[in-house]
Amino acid sequence: MPPPQPTPKKAVPAPDYKTLKSQWDAAKRKKDAEDATKKAVTAVEPNNTDEIKLRELRRAALEGRRKKAYQSRWAWTAGFWVWMLAIHLVGLGYFTSGFLLTRLQLDDKSLCDVSPAGQEGGILPAWPGKGTPEGGCWHPKTFDKAVVVLIDALRYDFTVPVDDNAEFHNRFPFMYETAVREPNKAFLRPFIADPPTSTLQRLKGLTTGTLPTFIDVGSSFSGTAVEEDNLLGQLRGAGKRVVHLGDDTWESLFPGYFEGNLSRPYDSFNVWDLHTVDEGVIEHIFPLMEEGRKGEWDVVIGHLLGVDHAGHRYGPEHPEMGRKLRQMDGFVRDLAGKIDERTVLIVMGDHGMDSKGDHGGESDDEVQAALWMYSPKGGFGRTKPEFAVPPATAVERPVNQIDLVPTLALMMGIPIPFNNLGRPIEEVFAGPRGNSWNNLAAAERVAAAGVKRYQASYFAARGMTEEPASTPGSPADLWDKAEGLVSKGNWVAVYSAFAEYQRETLARCKSLWAQFNIKNMILGIAVMGFGVLTLLVYVSKGAEDDEAVDDPELDDAEKSLEIMGVIPDSELPLENVLERKLVAAAFLGAVPGLIGGALHAYLKGTGDYYRGAAMAALTSIATVGVSLYEIKETLRTLVPSTIWGWMAAVFTLSQSIGFASNSYTIWEDSILLFFITTFGFVTALSALRIQSLADRYMAIYHSVLFVVLGRLASASKLCREEQMPYCTSTYYASSTSSTSALWQLAIPFAVSLILPTIIKAYLQPTRSYEGLAPAWIGYVFRTGLFMSALYWVLDSADNGNWISGLPEKKLKNLSVYTAQMVLGLAFVAGTTAFMWAPPCVSIVTSASKSTPTRAQVAILGYGNAHGARYLLLPLNFLVSLILLSKPMGGGALAILFWQILSLVEILDSNSLSATPIGPVMLAILGSFHFFKTGHQAVLSTIQWDSAFIPLFSVRYPWSPLAVAMNTFAAQILATVCVPLLVLWKASPKKKGALAETSKKLGAFVSFFAVEGWMSMMWAGHLRRHLMLYRVFMPRFATAGVVLIVVDLVALGVSLLGLRGNTVAIGEVFGWAE
Ligand SMILES: [Zn+2]
């Protein structure tokens, strides 16, 4: 709502440039003329119209020159930040390349007639068809056909009786019941995944039998074909026809493997859709089970996604999850009824889900899936009577997921894939009475021989030598002992000896592939470290010259002399611009490093051309460092000289050094809140020195408000597993949910009511709620906020089926269009408005009271002309980030923005703008609210469903962009607000805003760069730590991605926005820069 105008003197509001500009010019001319008569001077005053015209021309020419000079200075500054981004990318990339697990992929394939255990003298007597798929390549075949049902995210506890009323317990009892009732026909066991627990990685493990490599996580979104020897390739090689139904990840992993006319792939990423994939699988699988059609296939794979999607969308504790599990129970029950004696039915999960229904990491809930096998033939056994009942929890008698690979291969009579490291599952080979020890020993031995053969090939390919058998406990030693037992005929001992060999080899492979390339890691750390140092020197540069420049009166005098042609243009020659020197140095420096690195790779034949990039980064940092030194910068300037400088340094360093400790990393959000509180207290104390009583009270008020808001935001929590039980999640309806509670839907409405009014209150003291501001903030911004509040109501109505009888997807359609409108409003309309908006000022001309013939010119909002106008840009981001952040996160972001406004007021009233504390506090606010928007530095807190807020299905690049904006909303908003630190309460006379903003960005980015660099060092140093993949590695990954996001936003939004703003102010008031 536009406020009643505070002043009756006000002229008609000026809505556009032309009117504003002409009003300003006219007023100025009038004033100039009056001043001239009043002073009645002198040599430089115009005495005829020609002189005035000439002056106007000179003025225009000067403005043009200044504008051009500004634009090229801007381009050089942007160039400096592009260089910084490149340094960060090279540093992070190079370190990561040394850190990731690497496993050489071998192309060898197992052959049916070449058993790794040798052809002669096996444990079992020769069976009919030995060495052929018909009889069984390496072991007697037991099944002709298989139906494999993969229920995505089927956690083990979903399938066993648990004494509670949770929605996810006791809804899927069929598998447990059959295993107890008919142990010979069925068994159920925990099925443990190797992290990362993403479906793509799991499918690779479940088909090749080998361990994941970390680098593959990144390809989770795209999916790449499996090149290694795998079950499906072996099945196809044996002439089996494989049908695939469900999750289309299979099609991208195994292109062309499936019977085209029978297979039905479905899009796997539409997490909001619980039913399409499942109904598709169920609809198409039953016809294939009819007697008449069993001849059309040998293996059917059905991959259902409903349970996984219910977890992602609602969390396990939701009625939809209960319904989904009941549906799965009925489905498996029906399917089992259709299975004949030649066929084995396997039902399994590929991973579990955490308490909110997400996965990706390596917590217990994420790795514990379930495995059930069923055959009406009744050939399964237990080696001990106490194994008859399925384990009550997943920690008892777990099966590794890779064990499915040798098991299924031997059952189906095909060779075990070459790279397999798993072992046969006991129940399948133990015989109905559980005493077929020779069968077990034979299966275990052939699998172990495969592992041994693989290891030998791997060592040969890598040029490594095996540990000799003389070392006790080495795989070679264990192998010799096991082989020695074969001739004695004690099959129980043979079985456990080969199992021991397999376990040891698997453990060795795990540690072998977890080896790190220390050279790459050190090079990455060096690039990042020198990059941080350069940035800090660049930042510390500013302080003294900014003061020298910023004298509006001197500038005015200078400018008028220039216009009169008395002195030539005082503009700096371009060659003296600091950023230009640095960019030139960076390019010159990069060349020798690039050539040297590439040449080294070529001559040594290592093929490591990436090292060229790392060398180029280092040499270019060196030349930039030298040119900074030439401008008389020494490292001494880095030592803080004020309490504020020290505070900034301590906050940054203690935050980063803390990453060495896992408890610090786990409780990071509480520590950031402590920093915020400390800053509030220190500024409140410092405010006591302010002379003016009113100013002093306002300064204290803002400091207190800053702390109170921080405390208020800390009510929003999403706990990580390690914080339990000392933390209660409040971000969602409950700790086992991923939907919002009903009361939380009120938060976005409250935000749309209150936030625009708060922003207005910050603009009014400087009379800056003028121009476009009332319309934009009062109406457009508020409408956007209201619509995003509406979006979350529609979303909840859809999730909770509030309105029965609506056509399907009606609410989803409505909510997606609402979201798209909000984003359109923010980015399309908002950016256009920001580009074209005149300054938020109004020019008022009125008669002077004392001398009525003379005009008085007043400009409302003049003192904050830069800040008020720039504010429109963060507002555009704020509204879209609030939409993408769920109700609780939207509330946190509104508080963040309020805190930022208080921060700039605190900095202004305590005269702290020259210190680095402003940007550092802004960075701390961004980091703090990352946690308050429902995130933690772990993979599973990524809110993937935010991709579907403005979209129906996955679309590039929009889906990843939406997820990134949800994840890094707080840091993005903070970055967009960095120029406010310089522009807030800056009049159009402000000089050097570009250089100053670039320095502020430097201090801001330094916070994140130090964080990235330190977490990198700690992750490297603690690479053998137990908590590496749970704590340190995710923290490093988060810091790395945040740094790149901050760099990109600083360059693409903050600097670009500053340029647009300066041009707009300059067009009206003339160029001050
Ligand atoms: Zn999932």
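Residues numbered from 1 in each chain as written. Predicted model: local features only at pLDDT ≥ 70, side-chain atom pairs only at ≥ 80, totals over all residues. Heavy atoms only, no water.

Each helix and strand counted, the chain has 35 helices and 10 strands in total. A separation threshold of at least 6 residues defines the contact pool for the chain, and within that pool the share at least 24 residues apart is 78%. Per element, the accessible surface of the chain, about 42,200 Å² overall, is 62% carbon and sulfur. (Helix = DSSP H or I, 4+ residues; strand = E, 2+ residues; numbered from the N terminus. Contact = heavy atoms within 4.5 Å. Areas by Shrake-Rupley, 256 points an atom, 1.4 Å probe, with all protein chains shown as cover.)

Here helix 28 (residues 872-884) crosses helix 29 (residues 886-909) at 155 degrees, and the two axes come no closer than 7 Å. Taken together, helix 28 and helix 29 sit at an angle that is classed as roughly antiparallel. Across from Pro874, Leu875, Leu878, Leu881, Ile882, Leu883 and Leu884 in helix 28, the residues of helix 29 making contact are Lys886, Gly890, Leu893, Ala894 and Phe897. Considered class by class, the residues forming the contact of helix 28 with helix 29 number 10 nonpolar, one polar and one charged. (Axes fitted to C-alpha atoms, helices over the stretch in contact; angles between N-to-C directions. Parallel < 35°, antiparallel > 145°, perpendicular 65-115°, else oblique. Nonpolar A, V, L, I, M, F, W, Y, C, P; charged D, E, K, R; others polar.)

Take empty space enclosed by the protein next. Throughout the structure, instances matching the rule amount to seven cavities of 30 Å³ or more. Estimated volume of the largest cavity: approximately 150 Å³. In this structure, the largest cavity is lined by 14 residues; those nearest its centre are Val148, Leu231, Trp250, Ile301 and Leu408. Breaking the lining of the largest cavity down by element, the ones donating at least two residues are strand 1 (145-151), helix 4 (199-208), helix 5 (231-237), strand 5 (299-304) and helix 11 (404-412). Taken together, the residues of the lining of the largest cavity break down into 13 nonpolar, one polar and no charged. (1 Å grid on protein atoms, 1.4 Å probe; cavity = no way out; pocket = protein on both sides within 12 Å on 5 of 7 lines; lining within 4 Å. Points joined across faces, edges and corners; volume = space filled by probe spheres on them.)

A separate point is the sheet that holds strand 6 (residues 343-348). Strand-to-strand pairing in sheets goes through backbone hydrogen bonds, with the strands running parallel or antiparallel. Strand order across the open sheet formed by eight strands is 4-3-5-1-6-7-2-8, with mixed pairing between neighbours. Since the sheet does not close on itself, it has two edges, and those belong to strand 4 (264-266) and strand 8 (399-400), each with one partner. Helix-sheet contacts for helix 3 (residues 174-181) involve strand 2 (186-192), strand 6 and strand 7 (368-374), and the interaxial angle to strand 2 is about 125 degrees. Relative to the sheet, helix 9 (residues 319-337) contacts strand 1, strand 5, strand 6 and strand 7, its axis offset from that of strand 1 by approximately 180 degrees. (Pairing = 2+ DSSP bridges.)

Let us look at the packing of aromatic side chains. What the rule picks out here adds up to 32 aromatic pairs. Ring geometry for Phe674 and Phe675: centres 6.3 Å apart, planes at 50 degrees, overall tilted. On the accessibility criterion, Phe674 (55% relative accessible area) is exposed. Looking at Phe675, the relative accessible area reads 6%, which means it is buried. Chaining the aromatic ring pairs together yields one cluster made of Phe80, Trp81, Trp83 and Tyr538. Residue placement shows Lys145 over the ring face of Trp297; its charged tip is 4.2 Å from the ring centre. Over the ring of Tyr257 we find Arg236; its NZ or CZ atom is 4.3 Å from the centre of that ring. (Phe/Tyr/Trp six-rings, centres within 6.5 Å; stacked < 30°, edge-to-face > 60°. Buried < 20%, exposed > 50% of the residue type's maximum accessible area, 1.4 Å probe, protein only. Lys NZ or Arg CZ within 6 Å of the ring centre and 35° of its normal.)

Further remarks concern the coordination of the zinc ion. Protein coordination at the zinc ion comes from Asp308 (OD), Asp308 (OD), His312 (NE2) and His359 (NE2), with a distance range of 1.9 to 2.4 Å. Metal-centred angles of 56 to 150 degrees between the four donor atoms at the zinc ion mark the site as irregular. Expressed as a motif, the donor residue spacing for the zinc ion is D-x3-H-x46-H. Of this pair, Asp308 sits in helix 8 (residues 306-314) while His359 sits in the loop between strand 6 and helix 10 (364-367); the two residues are 51 residues apart in sequence, bridging distant segments of the chain. (Donors = N, O, S within 2.8 Å, 3.2 Å for Na, K, Ca; no water. Tetrahedral: all angles 85-135°; square planar, octahedral: opposite > 155°, others 65-115°.)

This next bit is on the nonpolar core. Ranked by internal contacts, the top residues of the largest apolar core, which has 163 residues, are Phe679 and Ile759. If one sorts the elements of this core by residue count, helix 35 (residues 1028-1069) sits on top with 17 residues. Setting aside chain neighbours within four positions, we find Phe679 in contact with Trp644, Met647, Phe651, Phe706, Leu903, Ile906, Ile917 and Met921. Among the nonpolar cores identified, the runner-up in size contains 77 residues, and Leu231, Met411, Phe418 and Val486 belong to it. (Core = buried A, V, L, I, M, F, W, Y, C linked by side-chain atoms within 4.5 Å.)

Moving on: a nonpolar patch on the surface. On the surface, a cluster of nonpolar side chains totalling about 410 Å² of accessible area is made up of Leu742, Trp802, Ile803 and Leu806. Residue classification places Leu742 among the exposed positions, given a relative accessible area of 60%. (Patch = residues over 30% accessible without salt bridge, like charges linked within 9 Å, V, L, I, M, F, W, Y side chains within 5 Å. Salt bridge = Lys/Arg side-chain N within 4 Å of Asp/Glu carboxyl O.)

Turning to the state of the cysteines, a few remarks are in order. What the rule picks out here adds up to two disulfides. Between the sulfur atoms of Cys112 and its disulfide partner Cys137 the distance amounts to 1.9 Å. Here Cys112 and Cys137 share a disulfide; its torsion about the S-S bond, -100 degrees, makes the bridge left-handed. Of this pair, Cys112 sits in the loop between helix 2 (49-99) and strand 1 while Cys137 sits in the loop between helix 2 and strand 1; the two residues are 25 residues apart in sequence, bridging distant segments of the chain. Disulfide partner of Cys719: Cys727, at an S-S distance of 1.9 Å. What sets the handedness of the Cys719 and Cys727 disulfide is the S-S torsion sign, and at about -80 degrees it is left-handed. Judged on exposure class, the residue Cys719 and its partner Cys727 are both buried. Here the disulfide map of the chain reads 1-2, 3-4, the bonded cysteines being numbered as they appear in the sequence. (Disulfide = S-S within 2.5 Å.)

Let us look at helix 26 (residues 810-836). The end-to-end C-alpha distance of helix 26 is 38 Å, a good match for the 39 Å that 27 residues give at a rise of 1.5 Å each. The sharpest bend along helix 26 comes to roughly 35 degrees, located at Gly830. For helix 26, the full list of buried residues reads Leu811, Lys812, Ser815, Val816, Thr818, Ala819, Val822, Leu823, Ala826, Gly830, Ala833 and Phe834. Where helix 26 is buried, its residues contact helix 25 (773-800), helix 27 (865-870), helix 28 and helix 35. (Expected span 1.5 Å × (residues − 1). Bend = angle between axes of the 7 residues up to and from the residue.)

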